[in-house]
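# Structural characterization, general
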Amino acid sequence: MWRVRRAAVACGVCQSLVKHNSGIKGTLPFQKLHLVSRSIYNSRHPTLKLQRPQLRTSFQQFSSLTNLPLRKLKLSPIKYGYQPHRNFWPARLAARLLKLRYIILGSAVGGGYTAKKTFDEWKDMIPDLSDYKWIVPDFVWEIDEYIDLEKIRKALPNSEDLAKLAPDLDKIVESLSLLKDFFTTGSPGETAFRATDHGSESDKHYKKVSDKEKIDQLQEELLHTQLKYQRILERLEKENKELRKLVLQKDDKGIHHRKLKKSLIDMYSEVLDVLSDYDASYNTQDHLPRVVVVGDQSAGKTSVLEMIAQARIFPRGSGEMMTRSPVKVTLSEGPHHVALFKDSSREFDLTKEEDLAALRHEIELRMRKNVKEGCTVSPETISLNVKGPGLQRMVLVDLPGVINTVTAGMAPDTKETIFSISKAYMQNPNAIILCIQDGSVDAERSIVTDLVSQMDPHGRRTIFVLTKVDLAEKNVASPSRIQQIIEGKLFPMKALGYFAVVTGKGNSSESIEAIREYEEEFFQNSKLLKTSMLKAHQVTTRNLSLAVSDCFWKMVRESVEQQADSFKATRFNLETEWKNNYPRLRELDRNELFEKAKNEILDEVISLSQVTPKHWEEILQQSLWERVSTHVIENIYLPAAQTMNSGTFNTTVDIKLKQWTDKQLPNKAVEVAWETLQEEFSRFMTEPKGKEHDDIFDKLKEAVKEESIKRHKWNDFAEDSLRVIQHNALEDRSISDKQQWDAAIYFMEEALQARLKDTENAIENMIGPDWKKRWLYWKNRTQEQGVHNETKNELEKMLKCSEEHPAYLASDEITTVRKNLESRGVEVDPSLIKDTWHQVYRRHFLKTALNHCNLCRRGFYYYQRHFVDSELECNDVVLFWRIQRMLAITANTLRQQLTNTEVRRLEKNVKEVLEDFAEDGEKKMKLLTGKRVQLAEDLKKVREIQEKLDAFIEALHQEK
C-alpha cells in the first residue's frame, strides 16, 4: 500500500509540472504594460478593483489529451529474489506529447494545401484588369515625379508631436474621479476624503475654490486643444487643396488626353438651368433641391455667400437694395478660382481685383436689364458658376432682401413682389432654406423669420445663421440673449441647425482672407465659446459651408430619383398626345422649325435669280408706264397739243421732257424697280407650294420679308447713271422702220383709249346713270347730278358749234352758259361749269386725238419726208415713240441692275435678318406659334431634363 501511495504522489507532481510548464512561453515586464493591458494580462494585479476569473491555460484549451481515457494502473506481482519493474508516468506522458507533433504537422500540411487551393480558385474568379488600366490616369503612376511625397511625409507631425498635443488622459481621468468622489455623497471616496480632512471649515472652502479653478483650467485646456486640432486640420486641408490644385493643373496641361467627365455639381446645375426655362404646363413642378438664401435687407446674405464662395463677387451698396433679381451660384471645385456666366464664355479671374470689379459690374448690369420699366425687382434668374480649389459643391440662390417698408424710388408693389419671389423658391419641399438674421439688431424687428416659419413650420429643411456676432456681443447687454437666438428659443421658427458667423468689420474693401482671420480671432477670444454658449462646430462660415453642403447632398440623394420618375410620366403623356394629334409629322421644336423655314426662304430668294430677263423687262416697263402715264398725258402731251403748229408742239415737248428727266423720271424709275423686286419676292414667298406648304411658317416669312425690305436700300449712283440714259433716249426722234411706227401708234391708241375710258367714267359719275340704266336698273339721278347733266348738255352744244375750241372757257362764255341754264330754271355756279367743261373738253380732245391717230397709220411715208408737201402732221406719234423707247431702255437698264446687284444684296439682307431672328428667342416665340410648336417644345425640354437627370443619377451612384 505504501507503494501505491508513492505512485499517486508522483502522478500529482507530474500533473503539477505539466500545468506550470504548458503556459505562455516568455513573459513581458509587467511594469511596461499599459493600465488596460495590465488588467488583461494579469487579472489579479492589486491595482484592479474588479476580479476576473482565472484564464485557462493553453494546454487546457487546445490539447486533446484531456479527452483521452486514463489507463488502469497495473501493478506487477511481487516476486521474491529480484528488483520489481516500475511504471514511470512522466515518460509515458512525454511519449504521448511526441505523438501530438505528428497530428499538428499533418494538420499544418493539410491546411496549407487547402488554403493554397482556395487561393487559386479565388484568383481564377478575379477578372483580368489589365485591359482597364486606362481608367486610372497616367499621371497617377507618375505622381511621384511631380509631387515630393517624402517632403510631405516629413512635414506631417509624427506620433510623438501628436502625443504632446493630445491631453493627458490619465490626469483628466484622475481629476474627474476626484470630482466624482467630491460631489458623490456617501461614497467610499468621500469617506476617504473626509478621513483625510483634519482642517477647519476655511480649509474646506479653500479646497472647493481650488477645485473650481481646476475645472476652469481643464475647460480652457480642452478649448486650446480643440483650437490646436483645428489649426492642424486647416493646415492639412490647405496642403491638400494645393495638391489637388497641382493635380488639376497638370490635368489641364494634357498629362492624359482623355475627355474628362463633368463634375456632379456641374451636371446638377445644368438640370436646374433647363428646369428654369421649362413651362410646367403638365403640373410637373421643379422640386429639385437648392440652397435658398433669404434674409432681411442688409442682414449680411451677400456677405455670407461671398465667404462661402471665397470671393467678393456681388455688387455692394451702403443701405440701398443691390440684389434686384435672384442669382443662382453653382459652387464647384477646380484648379483656378474663376467665375463665368451660363450664357457667356468669358472667365473672370477671382484672384485679380480688375476681374472682380468687372464681374460685379456685369452682375449689376444684368440685374438692371432683367428689371422691367416701372419695377424694382425681377423674378428672372441670373446663373453664375464659381470654381476654385477647396470650394464646397452646392447650388445656392441669393434672393432680394425682405423689406418692411417701401421707400422713395421703389415701385409700390416691391414688398409684395419680393415676398412672392421668396415664397416661390421656399415652397419647394426639397429646398434648403438658409435663413440669415442680423445679430446686431433687435430680433423682434426681423421679418424673415415669420416668413420662413410659415414655409417650413417644423424646421426640417431650415438652417438659421446669425451674422455680425461681433457687434452683437459688443452691444447686447445680456450675452445669454445671443444663446437664446442661436438655440431658437427667441423665435417660433424651428431649424435643423443654428450657426453664428462674422462677416467682417463692415469695410467693403476687406479681403476674404482678412475677414476669415478676423472671424477666427474673434471666436478664439469670444466669451460665447469660453462660457459654452456656443459650440465649436456652430461658429465660422467654414463650418457653416460644410454643414450646408452635407445637407444639400443628402437632400439631393433623397429626392432626385423621385423627380426623375415624375418627368418620365410627363414624357409619356406628351409623346402619347403627339402620336394622337400629329402621327405623320416629325417632332420639330421651335429651333428646328426655324432652320427648316430658313432653308425655304433662302431657296425662294435664290429663285429670284432664275426669273427670265424678258419677264423682268415686261413687268418693269408696264409698271413704269403705269406710274408715269398720268404725267405724260396731263403735263406733257395735252399742253403741247393745245399749240397751233408743229414747231411750238415740239418745242413744248422738248422743254417738258428735259424738266421731267432732270427732276422726277430717274427717281420714279428706281422706285418702280424696287417695288417690282418686292412684288416678285413676295410672290415667291407667299405662293402656295401645294401639299408641301406649311402654314406655320407664314408669319415668319412675312416678318422676314418686311424686315429685309426695310433694310434694303437701292444703290445711290443708280439714279445718276439712269438719268443720262433716259435723257439720251428721249433726245432721239428717228423712227427707223414701219414696224416701230405702227408700234408707236398702237401704244398711243392704248394710252388714249385708257384715258378716254377714265374720262367717260368720270362724266358718268358726275351726271349719274343714263336713261337705259334708269329703266333697267331702277336708278335715279340726284339733284346735283341733274345740274351737272344740264351743264354738260349745254357745253356739248357749244363744242358742236366750234370743234376747234381751245381748252379753256372765256368769262363771257361761262356767263352765257349760266344764263342759258337759268332760263331753264337751273341754278349753277361758275366753278361747276368749269369742272364740267374740263371733263367734256377732255373727252372731245381724246376722241379727236384717236381719229388723228387712225389717220397717221399711213403717215410713215410723210414722216420720212419730214411731212413736206403734206397736210398731215404726226408729231404726237413721234412723242409716244420717244416715250415708248425710253421705257424700253429704262426697263432694260433696271433689269440689269436688278439681276446683277440688287437681288444679291437682297439675298444678303435676308440672311442677315434670319441670323438676327435666330439669336432672338422672343422673336421666334412670336413668329412660330401654335399647339404643335408648343407641344414639340415641351417634349424636347422634358426629354432633355430626363436625360440629364438620368446621367446625374448614374454619376451619383458611381460616386457612392
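It should be noted that the structure appears before, not after, this text.
Notes on the structure follow. Please read all numbers here as calculations on a predicted model, not as lab measurements.

Our focus in this paragraph is the overall build of the chain. Secondary structure summary: the chain contains 36 helices and 9 strands in total. When the 960 residues of the chain are sorted by exposure, 38% land in the buried category. Of the roughly 58600 Å² of accessible surface on the chain, a fraction of 53% belongs to carbon and sulfur atoms.

Evaluated as defined, the whole model comprises 14 aromatic pairs. Each ring, one from Tyr268 and one from Phe552, has its centre 5.6 Å from the other, and the planes form 80°; the classification is edge-to-face. Here Phe552 lies in helix H21 (residues 541–581) and Tyr268 lies in helix H12 (residues 264–276), a separation of 284 residues in the sequence. Just as Tyr268 is buried, Phe552 falls in that class too. The ring of Phe341 has Arg366 lying over it, and the distance from NZ or CZ to the ring centre is 4.0 Å. Over the ring of Phe594 we find Lys924, and its NZ or CZ is 5.6 Å from the ring centre.

Throughout the structure, instances matching the rule amount to 40 salt bridges. Two residues, Lys940 and Asp589, come together in a salt bridge whose shortest N-O distance is 2.7 Å. Pair noted here: Lys940 is in helix H36 (residues 931–959) and Asp589 is in the loop between H21 and helix H22 (590–608), with a separation of 351 residues, a long-range link. For Lys940, a relative accessible area of 37% gives the class partly exposed. Between Lys701 and Glu600 there is a salt bridge, with its nearest N and O atoms 3.2 Å apart. Placement of the pair is Lys701 in helix H26 (residues 698–711) and Glu600 in helix H22, with a sequence separation of 101 residues.

Moving on: the state of the cysteines. In protein structure, a disulfide is the covalent linkage between the sulfur atoms of two cysteines. The final tally for this structure, using the stated rule, is 1 disulfide. Disulfide pairing is shown between Cys856 and Cys874; the S-S distance is 2.1 Å. One disulfide, between Cys856 and Cys874, carries an S-S torsion of -100° and so falls in the left-handed class. Placement of Cys856 in the loop between helix H32 (830–855) and helix H33 (860–864) and of Cys874 in the loop between H33 and helix H34 (875–919) is noted, with a sequence separation of 18 residues between them. For the pair shown, Cys856 and Cys874 are each scored as buried. Cysteine Cys853 remains unbridged, with the sulfur of Cys856 as its closest cysteine sulfur at 6.6 Å.

So, about the packing of H22 against H36. Across the interface, H22 lies against H36 with an axial gap of 8 Å and an inter-helix angle of 125°. What the angle tells us is that H22 and H36 run oblique. Contact with H22, carried on its side by Arg590, Asn591 and Leu593, involves Arg932, Val933, Gln934, Glu937 and Lys940 of H36 and no other residues of that element. Here the contact of H22 with H36 is built from residues that sort into 2 nonpolar, 2 polar and 4 charged.

Over its 13 residues, helix H15 (residues 414–426) runs 18 Å from end to end, which matches the ideal 18 Å to within 8%, given 1.5 Å per residue. Looking only at H15, the buried set comprises Thr414, Thr417, Ile418, Phe419, Ile421, Ser422, Tyr425 and Met426. Tucked inside the fold, the buried residues of H15 contact strand E1 (291–295), strand E6 (394–398), strand E7 (432–438) and helix H16 (448–455).

A pair of packed helices can be characterised by two numbers: the angle between their axes and the separation between those axes. Between H22 and H34, whose axes approach to 10 Å, the crossing angle comes to 170°. Comparing their axes, H34 and H22 come out roughly antiparallel. Note on element contacts: H34 touches H22 through Val903, Leu906, Glu907, Val910, Lys911, Leu914, Phe917 and Ala918, opposite Phe594, Lys598, Ile601, Leu602, Val605, Ile606 and Leu608. Partitioned by chemical class, the residues of the contact of H22 with H34 number 12 nonpolar, no polar and 3 charged.

Let's shift gears to a negative patch on the surface. On the surface, Glu380, Glu912, Glu915, Glu919, Asp920 and Glu922 cluster together into a patch of negative charge. Topologically, Glu919 is positioned in helix H34. Exposure remark for Glu919: the relative accessible area of 71% places this residue in the exposed category.

A separate point is helix H30 (residues 783–801). Taking 1.5 Å per residue, 19 residues should reach 27 Å; H30 reaches 28 Å between its end C-alpha atoms and fits that length. For H30, every residue scored as buried is listed here: Gln785, Val787, His788, Asn789, Thr791, Lys792, Glu794, Leu795, Met798 and Leu799.

Attention now moves to unusual backbone geometry. A positive phi angle, near 65°, is found at Ser298, a position not held by glycine. Along the chain, the position of Ser298 falls in the loop between E1 and helix H13 (301–309). Positive phi values are uncommon outside glycine, yet Thr540 reaches one of about 75°. Tracing the backbone shows Thr540 in the loop between helix H20 (527–530) and H21. Owing to a relative accessible area of 14%, Thr540 belongs among the buried residues under this scheme.

On to the sheet that holds strand E3 (residues 338–341), then. Pairing is mixed in the open sheet, where 9 strands are placed in the order E4-E3-E5-E2-E6-E1-E7-E8-E9. With partners counted over all chains shown, the strands left at the sheet margins are strand E4 (348–349) and strand E9 (497–500), one partner each. Sheet topology places strand E2 (residues 327–332) next to E6; 5 bridges connect them, and they run antiparallel. Paired with Val327 across the bridge in E6 is Asp398.

What follows covers the nonpolar core. Judged by nonpolar contacts, the single largest core of 101 residues is most densely connected at Tyr637, Trp660, Trp741, Ile883 and Val910. Sorting elements by how many residues they give to this core places H34 first, with 17 residues. Sequence-distant contacts of Tyr637, defined by excluding residues within four places in its chain, comprise Val632, Met748, Leu752, Phe845, Ala849, Asp876, Leu879 and Phe880. Formed by 67 residues, the second largest nonpolar core is a distinct cluster that contains Phe341, Met394, Cys551 and Ala936.

Thresholds, definitions, all that
- Along each chain, residue indices are assigned from 1 in the same order as the chain's sequence is written.
- Local features are withheld for residues below a pLDDT of 70 in this predicted model, meaning they are given only at 70 or higher, and side-chain atom pairs are given and counted only at 80 or more; totals for whole chains, interfaces and linings count all residues.
- Where side-chain values are given, they derive from all heavy atoms of the structure, hydrogens and water being excluded.
- Every helix listed is a DSSP run of H or I at least four residues long, and every strand listed is a run of E at least two residues long, numbered separately from the N terminus.
- Classification of residues uses two cut-offs on accessible area relative to the type maximum, computed with a 1.4 Å probe and protein chains only: under 20% is buried, over 50% is exposed, and between them is partly exposed.
- For the accessible areas, the method is Shrake-Rupley and the probe is 1.4 Å, while residue cover comes only from the protein chains on display.
- Two aromatic rings from Phe, Tyr or Trp, using only the six-membered ring of Trp, form a pair when their centres are within 6.5 Å; if the ring planes differ by under 30 degrees the pair is stacked, by over 60 it is edge-to-face, and anything between is tilted.
- For a Lys NZ or an Arg CZ to count as sitting over a ring, it must be within 6 Å of the ring centre and within 35 degrees of the ring normal.
- Definition used for salt bridges: Asp or Glu carboxyl oxygen within 4 Å of a side-chain nitrogen of Lys or Arg.
- Cysteine sulfur pairs qualify as disulfides if the two atoms are within 2.5 Å.
- Simply put, an axis is a line fit to the C-alpha atoms, just over the touching stretch for a helix, and the angle between two N-to-C directions goes from 0 to 180 degrees.
- Reported orientations rely on four angle classes, namely roughly parallel under 35 degrees, roughly antiparallel over 145, roughly perpendicular from 65 to 115, and oblique for the rest.
- Two residues qualify as a contact provided that any one of their heavy atoms is within 4.5 Å of a heavy atom in the partner residue.
- Side-chain classes follow a simple rule in which Ala, Val, Leu, Ile, Met, Phe, Trp, Tyr, Cys and Pro form the nonpolar group, Asp, Glu, Lys and Arg form the charged group, and the remainder, Gly included, forms the polar group.
- A helix is expected to reach a length of 1.5 Å times the quantity of its residues less one.
- Like-charged residues within 9 Å of one another, or nonpolar side chains (Val, Leu, Ile, Met, Phe, Trp, Tyr) within 5 Å, are grouped into patches, provided each residue has over 30% relative accessible area and no salt bridge.
- Under the convention used here, Asp and Glu are negative, Lys and Arg are positive, and both His and the chain ends fall outside the count.
- Charge positions come from single atoms, namely NZ of Lys, CZ of Arg, CG of Asp or CD of Glu.
- By the convention used here, strands pair only if DSSP detects at least 2 bridges between them.
- Put simply, buried Ala, Val, Leu, Ile, Met, Phe, Trp, Tyr and Cys residues joined by side-chain atoms within 4.5 Å make one nonpolar core.

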